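Descriptive analysis of the structure
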There are 2 protein chains.
Amino acid sequence: MTKQRQVVFDVLEAIGHEHPTASEVFVQAKERMPTISLATVYNCLESLTGAGAIRQVNIEREATRYCPNLRPHAHFYCIDCDKVFDIGLESGADASAVWALPPGCRIEEMNVSMRGVCGTCPRCGSGD
Amino acid sequence: MTKQRQVVFDVLEAIGHEHPTASEVFVQAKERMPTISLATVYNCLESLTGAGAIRQVNIEREATRYCPNLRPHAHFYCIDCDKVFDIGLESGADASAVWALPPGCRIEEMNVSMRGVCGTCPRCGSGD
DNA sequence: CTCTTATTTAGAATAATTCTTGATCTAAAC
DNA sequence: GTTTAGATCAAGAATTATTCTAAATAAGAG
């Protein structure tokens with residue numbers, strides 16, 4: 001844990017509820033440590049995420065993907081075979097029911113993505 | 001529905017299971033209509049998404065956001081007050097249980113985001 | 001056919017993120 | 001207290017996805 005990482009972590013502790021972007025973290029971090037650079041903030045955010053100290057809200061960086069499946073479904077990205085699978089809902093299940101939503105809120109769109117090992121592809125099965 | 005939109009839609013019907021990016025759609029679309037441009041593919045994907053004919057897998061475009069909350073939680077983006085809220089799990093609920101995951105698959109990370117109207121902020125409550 | 005309006009095209013512009021390279025810091029060995 | 005090796009940092013260039021712009025095109029109404 002370097003000084004820079006500590007600063008970035010402290011900033012996230014302080015304003016994390018606002019779900020800041022890297023640039024927003026950078027602005028706050030610069031107040032506490034004027035010499036820090038944006039690249040360092042990116043590095044620190046990556047290290048802290050890797051260490052499990054913070055979370056990245058959007059795990060699907062890269063380009064936006066499109067999908068013609070209009071039924072409710074989640075996307076599973078296999079880190080092993082590098083493919084995206086559609087995962088359907090269990091019959092009768094409601095994906096939003098597990099979440100403690102505030103009263104009066106209306107969901108227009110929901111996006112569920114998972115990352116892991118699919119276990120079904122040849123590559124994952126054989127460990128190739 | 002213009003010819004270009006039809007082509008883009010057809011491409012998505014054909015290779016949608018691969019969850020293509022805009023560039024990948026562009027490559028396929030160009031085989032069917034060599035004059036089509038990348039900008040048009042973007043336009044068509046936007047129109048088709050707006051019309052509900054296809055879905056965008058990643059609703060969180062813009063910069064990645066970070067968050068120090070390590071407990072399982074979803075993110076709710078309010079389209080009205082433009083803020084992101086943490087939504088906790090209902091007590092005892094398991095977010096992955098509602099999804100029909102293939103046997104043997106292991107989830108390393110899960111990301112749930114919703115978009116809608118939160119109904120709790122002054123702006124949403126008053127319609128300001 | 002002609003006007004109107006929306007769409008397409010190509011390329012420039014933008015914005016987030018990553019990469020590169022040299023500088024700096026840290027900690028252990030001497 | 002130096003030296004040295006390795007990790008980390010800083011600054012800016014480079015990359016990549018996406019959006020914007022302006023001119024060309026197409027399609028429908030009259």
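Everything that follows concerns the structure shown earlier in this document.
Residues numbered from 1 in each chain as written. Chains lettered and ligands numbered in written order. Predicted model: local features only at pLDDT ≥ 70, side-chain atom pairs only at ≥ 80, totals over all residues. Heavy atoms only, no water.

**Considering the protein's contact with DNA strand D**
Near DNA strand D, the surroundings consist of 15 residues, among which T2, T35, T40 and T64 of chain A together with Y42 of chain B are the closest. A distance of 2.6 Å separates a phosphate oxygen of DNA strand D from a polar side-chain atom of T2 of chain A. S37 of chain A places a main-chain nitrogen or oxygen 3.4 Å from a phosphate oxygen of DNA strand D. Ranked by residues supplied to the surface near DNA strand D, first place goes to helix α3 (residues 38–50) of chain B with three residues. When its residues are assigned to classes, the surface near DNA strand D shows six nonpolar, six polar and three charged. (Near = heavy atom within 4 Å. Polar contact = N/O pair within 3.5 Å; in protein donor to acceptor, adjacent residues only side chain to side chain. Helix = DSSP H or I, 4+ residues; strand = E, 2+ residues; numbered from the N terminus. Nonpolar A, V, L, I, M, F, W, Y, C, P; charged D, E, K, R; others polar.)

**Regarding the state of the cysteines**
Applying the stated criterion to the full structure yields zero disulfides over all chains. Residue C44 of chain B stays outside any disulfide, its sulfur separated by 18 Å from that of C67 of chain A, the closest cysteine. Note on C44 of chain B: relative accessible area 3%, which makes it buried. No disulfide involves C67 of chain B; its sulfur sits 17 Å from the nearest other cysteine sulfur, which is in C81 of chain B. (Disulfide = S-S within 2.5 Å. Buried < 20%, exposed > 50% of the residue type's maximum accessible area, 1.4 Å probe, protein only.)

**Examining helix α1 (residues 3–15) of chain B**
Residue pairs three or four apart in sequence face the same way in an α-helix, which turns once every 3.6 residues. Taking 1.5 Å of rise per residue, the 13 residues of α1 of chain B would be expected to cover 18 Å, and the 18 Å separating its terminal C-alpha atoms lies within 8% of that figure. The complete set of buried residues in α1 of chain B reads V7, V8, F9, V11, L12 and I15 of chain B. On its buried face, α1 of chain B sits against β2 (66–67) of chain A together with α2 (22–32) and α3 of chain B. (Expected span 1.5 Å × (residues − 1). Contact = heavy atoms within 4.5 Å.)

**Some details on the packing of helix α2 (residues 22–32) of chain A against helix α3 (residues 38–50) of chain A**
All names here are of chain A. Put simply, α2 and α3 touch, their axes get as near as 9 Å, and they point 115 degrees apart. Taken together, α2 and α3 sit at an angle that is classed as roughly perpendicular. Crossing angle aside, the handedness with which α2 passes α3 is right-handed. Here A22, S23, V25, F26 and A29 of α2 come into contact with α3, specifically with L38, V41, Y42 and L45. When its residues are assigned to classes, the contact of α2 with α3 shows eight nonpolar, one polar and no charged. (Axes fitted to C-alpha atoms, helices over the stretch in contact; angles between N-to-C directions. Parallel < 35°, antiparallel > 145°, perpendicular 65-115°, else oblique. Left-handed = near helix turned anticlockwise from the far one by under 90°.)

**Things to note about the relation of the copies chain A and chain B**
The pair of chain copies shares a relation made of a rotation about an axis and a shift along it. Once turned by 180 degrees and shifted 0.0 Å along the axis, chain A lies on chain B with an RMSD of 0.1 Å. Taken together, the turn and the small shift mark the pair as related by a two-fold rotation axis. It is V112 of chain A whose C-alpha, among those of chain A, lies nearest the rotation axis, at 2.3 Å. Mapped onto chain B, 100% of the interface residues of chain A again fall at the interface, so both copies present the same surface. (Least-squares fit on C-alpha atoms with pLDDT ≥ 70 in both.)

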